[in-house]
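What follows is the residue order along each chain.
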Amino acid sequence: EALGAHLERFSSFFVTRTRDVTATFYGYVRGLFQSERATMLRMSEVNAVDHQAMQHMLTEGVVDWVGFGEQIARETDALLGGANSVLLIDESAFSKKGEASAGVARQWNGRLGKVDNCQVGVFAALCRGELASLIDARLYLPKDWVAAAARCDQAAIPQAARRFRSKTGFALELVETALARGVRFGYLGVDAGYGKEPGFLRALDASATHFVADVHGDQMIYLQDPKPQVPAWSGRGRTPLQLKAQTTPVRVDHWAAEQPPEAWRRLTLREGEKGRLTADYLQARVWLWDGEEPQARCWHLLVRRERGASEMAHYSLSNAPAETPLPELARVQAQRFFIEHSFREAKSECGLAEYQVRRWDAWHHHMALVMLATLFLVKQKLEGRNHWPMLSFNDLVTALAHLLPKRQLTAEELADIITKRHRLRQRAKASQTRRSMTALE
């Protein structure tokens, strides 16, 4: 009943609310929970919903996906939004074969820790405490993709999306969209892949968005205001035109290594599955200057070292007000764990990575349906936490797999399913053979 009520609120975004569309929508979401592998073929086997109808739902405009995404943001905000919430931005990679899927390329796959043939999505999640839920996503398109019109046509990439956008560009877009949709959060949290980009942090600062952003150890900081100014002309040579800092910058890792033991402060971050999570922190007010701005920016620097470790774990910058206490900044920095946790749970329990689509629009629509599914699980986890404090996504999906109606197969239907599987395997085998022959030529 709870799942039915949850899905009913979103079915209002069907452009044509027919029985077939409704059944396909319900079957798709139930299949994300019930199928061992959340591919359309497996979901159709569980729910007797034709997998071609699922493809049609993702690609043929039968759903108002803009309104659908806005509703996900509204309901997630009602559940997790507030001044103490954190909007987390991170990317996730999805290994793929072939070259036809939108955005697929040889690129960094963080999950594998190497360059791989994959798609990469930039995601936003809203987090409060130990609860987080994905609310938005953008598919990253490498430069080679946006320069190939025929390839974009084949993957149904709209004209507006056929321009190169950096991952930090998508991150800013996700923040802007969240704010436009009324999502409430006190801070933005990102890893060093985003924090290393000065323009990204300055754009956030200009928009009055408070952030806690990890940076790399070679990040340069000023311990005193560099007070950039154009040097006075000496009377010889060209007249100076470029601003110059009046103090010398240092690397954050060099600065941290020189700090005495008494400068570190031990903090309890949260209760974890293995007990209290604690870490040691340094905090300082430092200046950042990009070599062009007329004034440097004075921000917080946080350095985190895991308890008992000798090496630093994280270096972070924050534009929070000067009086912001260290425990608050440390809490926000530690929240980034939960978007990574959200990826793992969505991939293992809700089919985030097991889609069978090649088109740009279908990728985004599959992600929206997965967000709908994970939002339901977060709601159930929150409602059941008093009776089941350790309730997990896996517990809930296990219960749903048994409680939701499941297709009872006849011998003829089972034979038909096996035949379809064999046909698809044969088709994939033939396709691989053709690619191999082409490569040899």
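Each remark here, short or long, concerns the structure printed above.
What counts and what doesn't
- Residues numbered from 1 in each chain as written.
- Predicted model: local features only at pLDDT ≥ 70, side-chain atom pairs only at ≥ 80, totals over all residues.
- Heavy atoms only, no water.
- Helix = DSSP H or I, 4+ residues; strand = E, 2+ residues; numbered from the N terminus.
- Buried < 20%, exposed > 50% of the residue type's maximum accessible area, 1.4 Å probe, protein only.
- Contact = heavy atoms within 4.5 Å.
- Pairing = 2+ DSSP bridges.
- Expected span 1.5 Å × (residues − 1).
- Phe/Tyr/Trp six-rings, centres within 6.5 Å; stacked < 30°, edge-to-face > 60°.
- Lys NZ or Arg CZ within 6 Å of the ring centre and 35° of its normal.
- Salt bridge = Lys/Arg side-chain N within 4 Å of Asp/Glu carboxyl O.
- Core = buried A, V, L, I, M, F, W, Y, C linked by side-chain atoms within 4.5 Å.
- Polar contact = N/O pair within 3.5 Å; in protein donor to acceptor, adjacent residues only side chain to side chain.

Colleague: What should I look at first to understand the overall build of the protein chain in this one?
Modeller: In terms of helices and strands, the protein chain carries 16 helices and 12 strands. Overall size of the protein chain, expressed as C-alpha extent along the three principal axes, is 90 × 60 × 40 Å. Per-residue burial over the protein chain gives 49% buried out of 441 residues. A separation of at least 24 residues holds for 64% of the contacts in the protein chain among residues at least 6 apart in sequence.

Colleague: How should the pairing of strand E11 (residues 297-306) be read in this particular structure?
Modeller: One face of the sheet, then the other: side chains in a regular strand alternate in exactly this way. Taken across its 10 residues, E11 has 7 buried, putting it largely inside the fold. Sheet topology places strand E10 (residues 275-288) next to E11; 10 bridges connect them, and they run antiparallel. Bridged to Leu282 within E11 is Val303. Sheet analysis places E11 next to strand E12 (residues 314-318), joined by 5 bridges and oriented antiparallel. Looking at the pairing, Leu301 lines up with Leu317 of E12.

Colleague: It is not clear to me how helix H5 (residues 65-80) should be interpreted in this structure. Could you clarify?
Modeller: Along an α-helix, residues three or four positions apart point the same way, because every turn accommodates 3.6 residues. In this model H5 runs 22 Å from its N-terminal to its C-terminal C-alpha over 16 residues, within 8% of the 22 Å that 1.5 Å per residue would give. Of all the 16 residues making up H5, 12 are buried; the element is thus mostly covered by neighbouring parts of the structure. Regarding H5, the residues found buried are Trp65, Gly67, Phe68, Gly69, Gln71, Ile72, Ala73, Glu75, Thr76, Asp77, Leu79 and Leu80.

Colleague: It is not clear to me how the packing of aromatic side chains should be interpreted in this structure. Could you clarify?
Modeller: In this description, an aromatic ring pair is defined by two values, namely the gap between the centres and the angle between the planes. Tallied over the entire structure, the rule returns 15 aromatic pairs. Ring centres of Phe211 and Trp299 lie 5.2 Å apart, and the angle between their planes is 90°; on these two criteria the pair is classed as edge-to-face. Here the residue Phe211 occupies a position in strand E6 (residues 211-215), and Trp299 occupies one in strand E11, the gap between them amounting to 88 residues. Residues Phe211 and Trp299 agree in their burial class; the two are buried. Taken together through their ring pairs, the aromatic side chains of Phe10, Phe14, Phe25, Tyr26, Trp65 and Phe68 make up a single cluster. It is Lys167 that lies over the ring of Tyr140; its NZ or CZ is 4.9 Å from the centre.

Colleague: Just checking my understanding: could you explain helix H10 (residues 198-206) for this structure?
Modeller: For H10, the set of buried residues is Phe200, Leu201, Arg202 and Leu204. Positive backbone phi, at 65°, marks Ala208, one or two positions downstream of H10.

Colleague: Explain the pattern of salt bridges here, please?
Modeller: It is possible for side chains bearing opposite charge to pair when their charged atoms get close. What the rule picks out here adds up to 22 salt bridges. A salt bridge links Arg138 to Glu173, with the nearest nitrogen and oxygen atoms 2.6 Å apart. Pair noted here: Arg138 is in strand E4 (residues 131-139) and Glu173 is in helix H8 (residues 167-180), with a separation of 35 residues, a long-range link. The exposure class assigned to Arg138 is buried, which follows from its relative accessible area of 14%. Two residues, Asp253 and Arg251, come together in a salt bridge whose shortest N-O distance is 2.7 Å. With a relative accessible area of 18%, Asp253 lands in the buried category. For Arg251, a relative accessible area of 30% puts it in the partly exposed group. Shared partners join several salt bridges into a network, and the residues in it are Asp136, Arg138, Arg165, Glu173 and Arg181.

Colleague: Please clarify how the nonpolar core should be interpreted in this entry.
Modeller: Generally speaking, nonpolar side chains in soluble globular proteins are found buried as a group. Counting 126 residues, the largest nonpolar core has Phe25, Phe33, Phe68, Phe123 and Leu369 as the members making the most contacts within it. Beyond its immediate stretch of four places on either side in the chain, Leu369 contacts Phe25, Tyr28, Val29, Leu32, Met57, Leu58, Trp65 and Phe68. Counting 5 residues, the second-largest nonpolar core is a separate cluster that includes Tyr222, Ala245, Trp287 and Trp289.

Colleague: Please explain the side chain of His300 as it appears in this structure.
Modeller: By the element assignment, His300 lies in strand E11. The class of His300 is buried, set by a relative accessible area of 1%. Among the polar contacts listed, one links the side chain of His300 to the backbone oxygen of Ala320, at a separation of 3.4 Å. Of note is the side chain of His300, whose polar atom sits 2.9 Å from the backbone oxygen of Pro321. Those residues in contact with His300 that sit more than four places away from it in its chain are Gln283, Ala284, Arg285, Ser316, Leu317, Ser318, Ala320, Pro321, Ala322, Thr324 and Leu329.

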